[in-house]
Every structure is written in C-alpha cells, then in structure tokens.
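# Observations on the three-dimensional arrangement
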Amino acid sequence: MELRNRDYHVERPLMNQQQLEELGHQTSATRTYQWRTWFQCSRARARALLFQYLPVLSWLPRYPLRDWLLGDLLAGLSVAIMQLPQGLAYALLAGLPPVFGLYSSFYPVFVYFLFGTSRHISVGTFAVMSVMVGSVTESLAPDENFLQGVNATVDEVARDHFRVQLASTLSVLVGLFQVGLGLVRFGFVVTYLSEPLVRGYTTAASVQVFVSQLKYVFGLQLSSRSGPLSLIYTVLEVCSLLPQSVVGTVVTALVSGVVLVLLKLLSDKLHRYLPMPIPGELLTLIGATGISYGVGLKSKFGVDVVGDIPAGLVPPAAPNPQLFASLVGYAFTIAVVGFAIAISLGKIFALRHGYRVDSNQELVALGLSNLIGGIFQCFPVSCSMSRSLVQEGSGGNTQVAGAVSSLFILIIIVKLGELFRDLPKAVLAAAIIVNLKGMLKQFTDIPSLWKSNRMDLLIWLVTFVATILLNLDIGLAIAVVFSLLLVVFRTQLPHYSVLGQVPDTDIYQDVAEYSEAREVPGVKVFRSSATMYFANAELYSDALKKRCGVDVDHLISKKKKWLRKQEQKLKRMQKTLQKQTASSEGTSVSVQVNTIITDVESNNVDDSMARASAGNELEDTTASGQEDAKAANGSTLKALGLPQPHFHSLVLDLGALSFVDTVCIKSLKNIFRDFREIEVEVYMAACHAPVVSQLEAGHFFDASITKQHLFASVHDAVLFALQHPRSSPASPVLTTKL
C-alpha cells in the first residue's frame, strides 16, 4: 500500500511521568491469583478439566464421518505400511529385538489418539530417539557382560532380555518426566531449544544413526562403545575391520538401498496420480524376505537375519526400580528431546491447518504414551517427520488415522509378524540409511545461516560438534548451556547509539545510521538496544560516558582534588587564626574568609584570608567560611579551568528496558550523580509502565530524582531540557509538526 505524504499537527502539554499518570488516571492493576481457581469445585470446571486432559472427548463426538473418515482410513493405512519396516528397523537401532519396535508402534500411538491435541503428527518410533535409547542400552548392557563358554560367545537371549528391561524402564521414566512437566505447566521449557539447536542436534544424531548401521551393512562384530569420542572410535574400528566384511551382507545392503531409492524417486514423480505414496520400504522388505527365504542367504552367504518374531502381545511388566538411579539422567534428556521434536512438528501442522496445539497437554499425552508403553515393554518414542508428512499428504485430518494405523500394526503383531523371520538385517539398515536423507540434507543450513545469521550458525556448529564428539546426552547439555550463554553475551554487547532528531519530526534515530539526523545542540540523547541488568549495567555506563565524548571520571577526579586542596587551605587558615587569637589580649576576634576565584588560580592564599572583626566566636566564623568556600563559584568546572561538557542535558532513552534489577537501579543513580557532578542534568524517557513500577518498588525515586525527570517520550525530554537547563519549572506546550 502506497503511503501518502500528509501533514498533521499535534499540540499537547509537554508531559513527564507524573503528569502522564495524572492525565491518564493510572490505577494499579488488580492482581488475579490463578491458583485460587485450582481448588474451586463445580460441574463446569470438572467438565472443562475432563476435556482438557482427555481431548478426544471434545472432538470425536463432532467428527464429520462423510468428510473425513475416508481420508483418515487411507492415511492410517499409508502410515501403517511405513510404520512396519520403520518399527523393525528402529528397534534394531535401539539395540533391541525387532518385534519390540512393533510393540512401540502400537501402544503409544493408541494412547496418543486419546490424549493428544495435534491432528496430524504420527507418534511412534523415530530414528533420533532410537539411537539415544541404543546408546543407553549398549553402554549399560554391552556384549562383553554376556560372554559365555570357552569360545566367549555372547548370550544373546540374556543380553536382549536385560536390554528390553532397560529400555522399558527408561520409557517409564521418560513418561514420568513428561507427565510431571506437563502437569506443572512446564511446556515452555522447549523454548530453550532454538531451531538451529534442534536442527544441528538432529543432524548430528543422523550421523550417529548412520555410523551405528555400518556394522549391519558390512556384517561386522564391533565392540560396544559409549561416552565421549565413542563415535570416532567406532568409525576407526569399522575402517580397521573392513577386510573382514561379509560380501553377501554388503551386496544385500547395496541392492536394497538402490531399490529403495528408485522406488522413492518413482513415488515422488507419480505422487500426483497416486492416491497414496508407493510403499517402498514395505515392498523392499517383502521382496528381500522372499529372496532370503528362497535362496537361503543366511545358510549359504552368512547374511544375518532378524530371526524368530513371536506372535501375539507380551503381558505388562513393572519397571525395575533398581535401574532408576542409572537411567534418570538419560531419561530427562530423552524426554526433553522427544517433546521438542513432537511440539515443533505439531506447531508446524497446526499453523498450516488453523488450529491450536497445547504444549502442556502435548507433554502429558507424549508422557502417557511413553509411560503406558514402557509398562508393555516399549522403548521411548516421539513423532516421525516422514510419517507425519505422509499422514497429512494422504488425506489425514485427525488422530483417527493414528488409531487406524495402530490397529493395522496390531494385526501384524498378532498374525503376520512371524513371516519376517528371514528378513536380512542389512535390509533394515539400508532402509534406515535411506530414510536419513531428510535429516542429512540439513547440512545445507550451514551456507544459508552463514548468509542470514552467523550467531545461529555458531549455535548449529557447536551443537553438531559437541553431539558428535561427546555423545547425545552430553552434547545436548552443552548445546543448551552454550545457546543460553550466547544470549547473555549478546545482551552484554548491544548496540549503543547517540540519537539525533530527524528534521521537522519528533523522531530520533542513530546519527551514525541516518545522515539527516542531527544532534540537538546542548542535549545528548543516548539509547541501548538491550535491557540493562546486572550483566551489562557496568558496560552500559562505560558506553554512555564514552559516547558522550567527555571524560566524566577524569573531570570528577580533578574537581574532587581541587576541593580537597581548598579544604586543606581552610584548615591552614584556621590554625593561623587560632595563633593570632591566642596572641591577642582581651580581644575576641572574628574572621570571615572569602575565597575569590582569582586568588585561587594565582594560589595567593595570604590575599584571600579574611580579616578579624569583634563580636563573633571563632568556631562559628570558621564553619561559615568552609560552607562559603564549597558554595563559591570557584568549585565550577569553568572556574577550575577544566573542560566543560558541550551539552548541558543528557536524555536516556529507556524504551528498551523490559525489567530492572537492583544493579540497574544503582547504575542509573550513579549516572545521575556523576553527570550532575560535571554540571549536566539527566532525564529519562519512554519507560514502560511495568518498569516504572519496578523503579518505584526499588526506591529509585527520591528528593533528588523524581518522576519529573522521567518523560513520556524522548521529544518531551529534549524540549524540556532545551527550555529549562538545570531547572524544573512548569511544563510548556509541546507542538510538533510532521
């Protein structure tokens, strides 16, 4: 829209804060105590709480069958077809038997259907979560702990049983953390995970996933490693064992990967003409299983296969409390990462389709999914971006699609799971690696962030490097701490500017950026782009004194030094007068001391000594002489021969202040004191009402600093300073023509 140049004329009284409050009839806002409503009991409140914590009751009765049912059925089938191979593969990634990936694709999905608020995300197994679980299971239950016999073979049954116990207990702890955080309304915690941090973290996790699958691609037996630099050591071990690779396994992985890539490319090319994407993973798994069974890949070529997949569901089992202490740290990290991934995807789809996602309820829903899933021996889950996109793209409108997909997975668990016992693990590894394409493409963030925001690039790189080198849990902690420290660092180095008036306006801009902006003669206007608090208050004061072009501390030091000399001279005069009084007989002597600036500059103390007169006491005369000396014109900068500031007033634009603390209040008081010492009056402008209230609560205003020093705008303060330097008369009328 084109803006037309129009003149307008504003005439109003020049207003300081006190006048503004009187004119606007400011009243203190009534404080509402929300906690009081928590203990109120009524039928309406019980109904609201039920709908809040069980959202399915609010939308399912109003579900439009004709419009949405077909789309949700088709989307559920599409997601289930993807969920099957991903569940098997991601269980392998978590260091567990593949069937537990199917369990994790059923229970949590159905629980989220009841408690979730997002209509489009697909909850279930996810690569990043699986690799985090895998790092826990392999570190706490390494193969070396289950060696048996003379040949030192691994007891896989005992190992898998203990790892399942670890993963399910971990899932319960993750669920407890998420439910607890959700109930105390702690959903905002995800705001500390910025987008560059999450993208850098998931990219590093995808590299971890890729490296973890190399042993299945090459058919190698690697040592279990965890902790810092474990990824580097694993890569080095893979490189050293490459000559021992199983050729049949490598060929199986390569062929499966190529076929899967071709099917995905074909699906992308024909997606306009197909009601649902081509299920590349499922077709690859079915084909590989058939070939493996017919050819005998395990017996003839030594290709490792999935093995027996028990049919039916496992009974619930209580978590092992003895493992809580060793898992609690991992559980909190996984809980935060899983929620961050789910809520970020949920908000994307909510904005796209025009509905709201409750972050606190999402925490509760995801926590209950993990909590109940852990009881049924599932490992921690989150949501998958690829499946969520498929669910949305194939016509899904609600979590009915998720319920449909979980029912399909249930049928597979009960009846069809055992058909995949001859599926090669190399095929699952190939499917995992191919599906990492989306996350590995996030490396393109580096050039884009280099051009747009290098601070975000720094967060991305630090997160990536820390996660690669120090593992997923420590890497995330370092990334969060670094990003928060970077925020503090950026507030410590804001942009400080001296403002000038844009001609014929009441607008003030940085004179370094606006060539037409001119400083107002005699008035210095200073602004910071960040709030002032304990971490940058001293830097604010230093920048202010530097930008003003006057060495404030030097002038104050010189002035105090001169006053000390004057005091010493007065003491010497007092001693001299005492001697003269003692030598006089029967006569009381009164002395009046007059210090004249010409005498001080010439250091002629004798000429500046007052003469004696009768009728007054010596002590009163000396005291009055000291007061007169301090108040004399000789204490001014001009009289001292010190350089005077080229401005008589300083205006602090405090519009950027969002809060104040005690250090900020002390710094502002020191600014008033120091600049008044060099004969510059200080004013403040554009403070927000909450900041003014905090200044009052901090006892900032007193007899020397009142609300008459605080103005509604910078222009008010400048006009007042121009018309009344170093004084406080009645306010004039402010007239502005634009």
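The structure reproduced in this document is the subject of the present report. (Residues numbered from 1 in each chain as written. Predicted model: local features only at pLDDT ≥ 70, side-chain atom pairs only at ≥ 80, totals over all residues. Heavy atoms only, no water.)

Scanning the protein for helices and strands turns up 31 helices and 14 strands. Counting the 738 residues in the protein, one finds 49% classified as buried. Partitioning the contacts of the protein with sequence separation of at least 6, the portion at a separation of at least 24 is 80%. Surface summary for the protein: the accessible area is close to 37200 Å², and the carbon and sulfur share equals 60%. (Helix = DSSP H or I, 4+ residues; strand = E, 2+ residues; numbered from the N terminus. Buried < 20%, exposed > 50% of the residue type's maximum accessible area, 1.4 Å probe, protein only. Contact = heavy atoms within 4.5 Å. Areas by Shrake-Rupley, 256 points an atom, 1.4 Å probe, with all protein chains shown as cover.)

Turning our attention to the packing of helix α6 (residues 107-115) against helix α18 (residues 400-416). Following both chains from N to C, one finds α6 and α18 inclined at 155 degrees, their axes separated by 9 Å at the closest point. Judged by the angle between their axes, α6 and α18 are roughly antiparallel. Like other packed secondary-structure pairs, α6 and α18 cross with a definite hand, here left-handed. For the pair formed by α6 and α18, the contact residues are Val109, Phe110 and Phe113 on the first element and Val400, Gly402, Ala403, Ser405 and Ser406 on the second. Looking at the contact of α6 with α18, its residues break down into 5 nonpolar, 3 polar and no charged. (Axes fitted to C-alpha atoms, helices over the stretch in contact; angles between N-to-C directions. Parallel < 35°, antiparallel > 145°, perpendicular 65-115°, else oblique. Left-handed = near helix turned anticlockwise from the far one by under 90°. Nonpolar A, V, L, I, M, F, W, Y, C, P; charged D, E, K, R; others polar.)

Once that is clear, we can look at the side chain of Ser206. Mapped onto the secondary structure, Ser206 falls in helix α9 (residues 195-212). Within the local environment of Ser206, its side chain forms a polar contact with the backbone oxygen of Thr203, the two atoms lying 2.4 Å apart. Ignoring anything within four residues of it in the chain, the contact list for Ser206 reads Leu436, Met439 and Leu440. (Polar contact = N/O pair within 3.5 Å; in protein donor to acceptor, adjacent residues only side chain to side chain.)

Counted according to the given criterion, the structure contains 22 aromatic pairs. Ring centres 5.2 Å apart and planes at 90 degrees place the aromatic pair Tyr533 and Phe534 in the edge-to-face group. Its relative accessible area of 59% is what places Phe534 among the exposed residues. A residue is classified by how much of its surface remains accessible, and Tyr533, at 9% relative accessible area, is buried. Following the ring pairs from residue to residue traces out a cluster consisting of Trp59, Tyr63, Trp68, Phe110 and Phe113. Above the face of the Trp450 ring, Arg454 is positioned so that its terminal group lies 3.8 Å from the ring centre. (Phe/Tyr/Trp six-rings, centres within 6.5 Å; stacked < 30°, edge-to-face > 60°. Lys NZ or Arg CZ within 6 Å of the ring centre and 35° of its normal.)

As a further point, take the pairing of strand β12 (residues 681-685). Burial of β12 is extensive: 5 of the 5 residues sit out of reach of the surface. What you see with β12 is no split at all: Glu681, Tyr683 and Ala685 on one side and Val682 and Met684 on the other are buried throughout. Relative to β12, strand β11 (residues 649-653) runs parallel, the two sharing 5 bridges. Note on β12: the bridge partner recorded for Val651 is Tyr683. (Pairing = 2+ DSSP bridges.)

On to the environment of Val414, then. Take Val414: it is sitting in helix α18. Taking relative accessible area as the criterion, Val414 reaches 35% and is therefore assigned partly exposed. Val414 sits 101 residues away from Leu313 along the chain, and the two C-alpha atoms are 6.9 Å apart. Other than its neighbours up to four places away in sequence, Val414 contacts Ala311 and Gly312.

What follows concerns the pattern of salt bridges. Summed over the entire model, instances satisfying the criterion amount to 16 salt bridges. Residue Arg352 pairs with Glu392 through a salt bridge whose shortest N-O separation is 2.9 Å. With a gap of 40 residues between them, Arg352 in helix α15 (residues 324-353) and Glu392 in helix α17 (residues 385-393) connect regions that are remote in the sequence. Residue Glu392 is classed as buried on the basis of its relative accessible area of 17%. We note a salt bridge from Asp553 to Lys545, for which the minimum N-O separation is 3.2 Å. Residue classification places Lys545 among the buried positions, given a relative accessible area of 16%. (Salt bridge = Lys/Arg side-chain N within 4 Å of Asp/Glu carboxyl O.)

A separate point is helix α13 (residues 280-295). With 16 residues, α13 should reach 22 Å at 1.5 Å per residue; the first-to-last C-alpha distance of 22 Å fits that figure. The set of residues buried in α13 consists of Gly280, Glu281, Leu282, Thr284, Leu285, Ala288, Thr289 and Ser292. Taken together, the buried residues of α13 touch α4 (65-93), α12 (247-269), α14 (297-301) and α19 (425-434). Two residues or fewer past α13, Gly296 is found with a positive phi of approximately 80 degrees. (Expected span 1.5 Å × (residues − 1).)

On to the environment of Phe100, then. Counting through the fold element by element, Phe100 comes out in helix α5 (residues 99-104). Residue Phe100 is classed as buried on the basis of its relative accessible area, which comes to 11%.

A contiguous patch of positive charge on the surface is contributed by Lys558, Lys560, Lys561, Arg564 and Lys565. Considering the arrangement of structural elements, one finds Lys565 in helix α24 (residues 552-583). (Patch = residues over 30% accessible without salt bridge, like charges linked within 9 Å, V, L, I, M, F, W, Y side chains within 5 Å. Lys, Arg positive; Asp, Glu negative; His and termini not counted. Charge placed at Lys NZ, Arg CZ, Asp CG, Glu CD.)

One finds Leu84, Leu88, Val128, Met132, Leu170, Leu423 and Leu428 to be the most contacted residues of the largest nonpolar core, which totals 100 residues. Broken down by element, the residue count for this core peaks at 14 residues, all from α15. Here Leu84 is in contact with Leu102, Leu282, Ile409, Ile412 and Phe420, once residues within four sequence places are set aside. In this structure, Met532, Trp562, Leu650 and Leu695 belong to the second largest nonpolar core, which totals 40 residues. (Core = buried A, V, L, I, M, F, W, Y, C linked by side-chain atoms within 4.5 Å.)

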